[in-house]
Amino acid sequence: MPFDPHGARRIALIILLLPLAWFAGLWFASDTIWSRLGMNMHAVTFFSMFVAVAATVAVLLFGRWVKIEDDLLAGRDVIARWQVDATSLAIVEQVTLAEESRDKATLIRIVLILVAIVFGGFIWFDPEAAPGMIGFGLAFAVVIWWAYRAGQARLEAQATMRSGEVIIGRHGLRYNGRLHVWGVPLSWLRGAAFETSPRSLVVGYVFLTRMGMQSVGVRLPVPATALDEARKAEKALNALAGAHPPP
């Protein structure tokens, strides 16, 4: 399903209201709260501070996503845009699905092998604990496999024709109802490359996670009628990537 930054921002705002309500309660009725919770009041306050900081960051981040999407839809700061037909979309999405499936299949095999080695090793190192640990390992493997299959189903759903519109801006792009953003903190544009088989424009960007840099390549179908727009976008995006190299 396409990601809705407006909905995500609303949820973050609702979450932010919870610690704010707690702080308001401390301000107006701290004695009453103390009589009911005692020292636990401090633990709730500490947790509320953490939630407030995290929710504030989420509100600001999703607010930026909302601004970028609204600008794209309104035609502000747009580099190129074109319409994709169902045939071009199906061909390109088939290639994207094959590439993603191949990479994820390799990763899932490595993870499952590591799980088998780690938990299966208890047979030799601690036979008494082996049955319980092997059971835990099997449950863990099932969860990993379920997550893999859910990801595959989501990839397959992305091939469904929705708007069929490609809008490329300076800070993000919108393709067939899906939003991709690189104009936010800890994210940057890598550039774009035009490919002829299948005819598509591949836009690359990177964002930082707790596990390091996560690279994303978005393959955009380019019908014959959109060649000039795609070439213009390729040149502009590569210029932007060169002007703003990664930190």
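Asks: Would you mind going over the packing of aromatic side chains with me for this structure?
Replies: Aromatic ring pairs: the centre-centre distance and the angle between the two ring planes describe each pair. Tallying each qualifying case throughout the model produces 1 aromatic pair. Residues tryptophan 182 and tyrosine 205 carry aromatic rings whose centres are separated by 5.9 Å and whose planes lie at 45° to one another, so their mutual orientation is tilted. One end of the pair, tryptophan 182, is in the loop between strand S4 (178-181) and strand S5 (187-196); the other, tyrosine 205, is in strand S6 (residues 199-209), with 23 residues separating them in the sequence. Each member of the pair, tryptophan 182 as well as tyrosine 205, is classed as buried. Arginine 231 extends its terminal NZ or CZ atom over the ring of phenylalanine 194, reaching a point 3.9 Å from the ring centre.

Asks: I tried to follow the sheet that holds strand S7 (residues 212-221) on my own but got confused; where do I start?
Replies: Across a sheet, paired strands are connected by hydrogen bonds in the backbone, their directions being either parallel or antiparallel. If you trace the 3 strands from one edge of the open sheet to the other, you get S5-S6-S7, paired in antiparallel fashion. Unpaired on one side and paired on the other, S5 and S7 mark the two borders of the sheet. Neighbour to neighbour, the strand axes of the sheet diverge by 20° on average, direction disregarded. Note that S5 and S6 share 9 bridges and pair antiparallel. When the bridges of S6 are listed, threonine 196 appears paired with arginine 199.

Asks: Before we go on, may I ask you to explain the nonpolar core in this structure?
Replies: One broad rule of soluble globular proteins: the nonpolar side chains tend to lie buried together. Counting 26 residues, the largest nonpolar core has Trp82, Ile168, Leu173, Leu201, Val203, Leu220 and Leu237 as the members making the most contacts within it. When residues of this core are traced back to their parent elements, those giving at least two are strand S1 (78-83), strand S2 (165-169), strand S3 (172-175), S5, S6, S7 and helix H6 (227-243). Broken down by element, the residue count for this core peaks at 5 residues, all from H6. Excluding its chain neighbours within four sequence positions, the residues that come into contact with isoleucine 168 are Leu72, Val78, Ile79, Ala80, Trp82, Leu173, Leu201, Leu220, Ala233 and Leu237.

Asks: Where do I start with unusual backbone geometry in this structure?
Replies: Leaving glycine aside, a negative phi is the common case for residues, and trans is the common case for peptide bonds. Put simply, serine 197 and proline 198 share a cis peptide bond, and its omega is -5°. Assignment of secondary structure puts proline 198 in the loop between S5 and S6. We note that asparagine 176 has phi near 55°; this positive angle belongs to a residue other than glycine.

Asks: Mind showing me how you'd approach the side chain of serine 200 here?
Replies: Structurally, the position occupied by serine 200 is in strand S6. Polar side-chain contacts of serine 200 include one of 3.3 Å to the side chain of arginine 219. Ignoring any residue separated from it by four or fewer positions in sequence, one finds serine 200 in contact with Val92, Ala193, Phe194, Glu195, Arg219, Leu220, Pro221 and Val222.

Asks: In this structure, what is going on with the sheet that holds S3? I would like to understand it.
Replies: In space, the 4 strands of this open sheet follow the order S1-S2-S3-S4, with antiparallel pairing throughout. The open sheet has two edge strands, S1 and S4, and neither has a second partner. Direction aside, neighbouring strands of the sheet carry axes that sit 10° apart on average. The sheet contact formed by S2 and S3 spans 3 bridges and is antiparallel. Following the sheet pairing, isoleucine 168 is matched in S3 by leucine 173.

Cut-offs and rules
Residues numbered from 1 in each chain as written. Predicted model: local features only at pLDDT ≥ 70, side-chain atom pairs only at ≥ 80, totals over all residues. Heavy atoms only, no water. Phe/Tyr/Trp six-rings, centres within 6.5 Å; stacked < 30°, edge-to-face > 60°. Helix = DSSP H or I, 4+ residues; strand = E, 2+ residues; numbered from the N terminus. Buried < 20%, exposed > 50% of the residue type's maximum accessible area, 1.4 Å probe, protein only. Lys NZ or Arg CZ within 6 Å of the ring centre and 35° of its normal. Pairing = 2+ DSSP bridges. Axes fitted to C-alpha atoms, helices over the stretch in contact; angles between N-to-C directions. Core = buried A, V, L, I, M, F, W, Y, C linked by side-chain atoms within 4.5 Å. Contact = heavy atoms within 4.5 Å. Polar contact = N/O pair within 3.5 Å; in protein donor to acceptor, adjacent residues only side chain to side chain.

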